[in-house]
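Chains, contacts and geometry: an overview
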Amino acid sequence: MKFFIDTANLEQIKEAQDLGILDGVTTNPSLMAKEGITGKDAIMNHYKTICEIVSDGDISAEVLGTTYDEMIKEGDELAAIHPNIVVKIPMIKDGIKALKYFSNKGIKTNCTLIFSAGQALLAAKAGANYVSPFLGRLDDISVDGLNLVEEIRVIFDNYMYDTEILAASIRSPMHIINCAKIGADVVTSPLDSILNLLNHPLTDKGLAQFVADAKKMG
Ligand code: G3P
């Protein structure tokens, strides 16, 4: 399973990259705004910087427009920033047309705001490289987000779609583990959920004992 980090924060992206486990980055307008990135030039430069930090991984950059014409114009500009840019397109009717446009041009896409298996199926049919089901936001409204990932896995396997399932809106290490059990291709997660995978009290206790015993050995 690939690990993407879901942030536009450069320090966190560098930290994940330094760990040696980072396969890519996802951003969205909310994450960019959180970092104070506003204006076209600043947005383009920020994506360029992220691509330079993660030299070997897909970087999802989301279009801001919601019409077909706006999305293909913005997507073409985003794709020109760096070969690793993946154009992130919302799951709307014009978005499906835009996915097909980019698929025909050989530009990679990530279809975002996926909340049903039918949406994922349409995106795959239109040639999306990734679909992003939002687990946490479904869990927030008492709908099982992991069940959606399972449904999409079955459908994509039935028809051998190349589209990768990119589990998003991850809120905990358990989300990551459960996505791995189901067979999600990618999980995009905040840094703290990735780092929390490291923790186990028995590891800490065992290491403290080993360190103490190592001192006895001189
Ligand atoms: O990148 C989109 C997605 O991961 C958003 O997550 O926590 O805002 O639901 P969240």
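Provided above is the structure to which this section pertains.
All of the points below concern the structure found in this document. Computed from a predicted model, the values in this text were never measured in an experiment. Throughout this description, residue numbers start from 1 for each chain and increase along the sequence as written. Under the rules for a predicted model, residues below a pLDDT of 70 receive no local features and side-chain atom pairs below 80 are neither given nor counted, while totals for whole chains, interfaces and linings still include all residues. The side-chain numbers reported here are obtained from all heavy atoms of the structure, hydrogens and water having been left aside.

1. Quick notes on the layout of surface pockets
There is about 390 Å³ of room inside the largest pocket. Taken together, 24 residues form the lining of the largest pocket, with Asp 6, Asn 28, Leu 31, Ser 169 and Pro 190 sitting closest to its centre. Listed by contribution, the elements that provide at least two residues to the lining of the largest pocket are helix 2 (29–34) and helix 10 (191–196). Of the residues forming the lining of the largest pocket, the biggest block, three residues, is contributed by helix 2. Of the residues belonging to the lining of the largest pocket, the class tally is seven nonpolar, ten polar and seven charged. A pocket, in this scheme, is an open set of points on a 1 Å grid over the protein atoms alone with protein on both sides within 12 Å along at least 5 of 7 lines, while a cavity is a set where a 1.4 Å probe fits but cannot get out; residues line either one if an atom lies within 4 Å of a point. Lining the second largest pocket we find 14 residues, and of these Ile 43, Glu 62, Leu 64, Glu 74 and Leu 78 sit closest to its centre. Helical segments are the DSSP runs of H or I of at least four residues, strand segments are the runs of E of at least two, and each set is numbered from the N terminus. Contributing elements (two or more residues each) for the lining of the second largest pocket: helix 2, helix 3 (40–53) and helix 4 (68–79). Grid points are joined across faces, edges and corners, and a volume is the space filled by probe spheres set on the points. Think of it as three bins: nonpolar holds Ala, Val, Leu, Ile, Met, Phe, Trp, Tyr, Cys and Pro, charged holds Asp, Glu, Lys and Arg, and polar takes everything else, Gly as well.

2. Some remarks on the pairing of strand 6 (residues 130–133)
Residue alternation in strand 6 divides its side chains into two sets, Tyr 130 and Ser 132 and Val 131 and Pro 133, and both sets are buried. Note that the unit made of strand 5 (residues 109–114), helix 6 (residues 117–125) and strand 6 has a crossover that is right-handed. Inspection of the sheet shows strand 6 paired to strand 7 (residues 164–167) by two bridges, in the parallel sense. Within strand 7, the position partnered with Val 131 by the bridge is Ile 165. Under the scheme applied here, a residue whose accessible area is under 20% of the maximum for its type counts as buried, over 50% as exposed, and between as partly exposed, the area being computed with a 1.4 Å probe on protein chains only. The handedness of a crossover follows from its direction of travel: if, with the strands pointing away from the viewer, the path from the first strand over the helix to the second runs clockwise, the crossover is right-handed. Any two strands with at least two DSSP bridges between them are considered paired.

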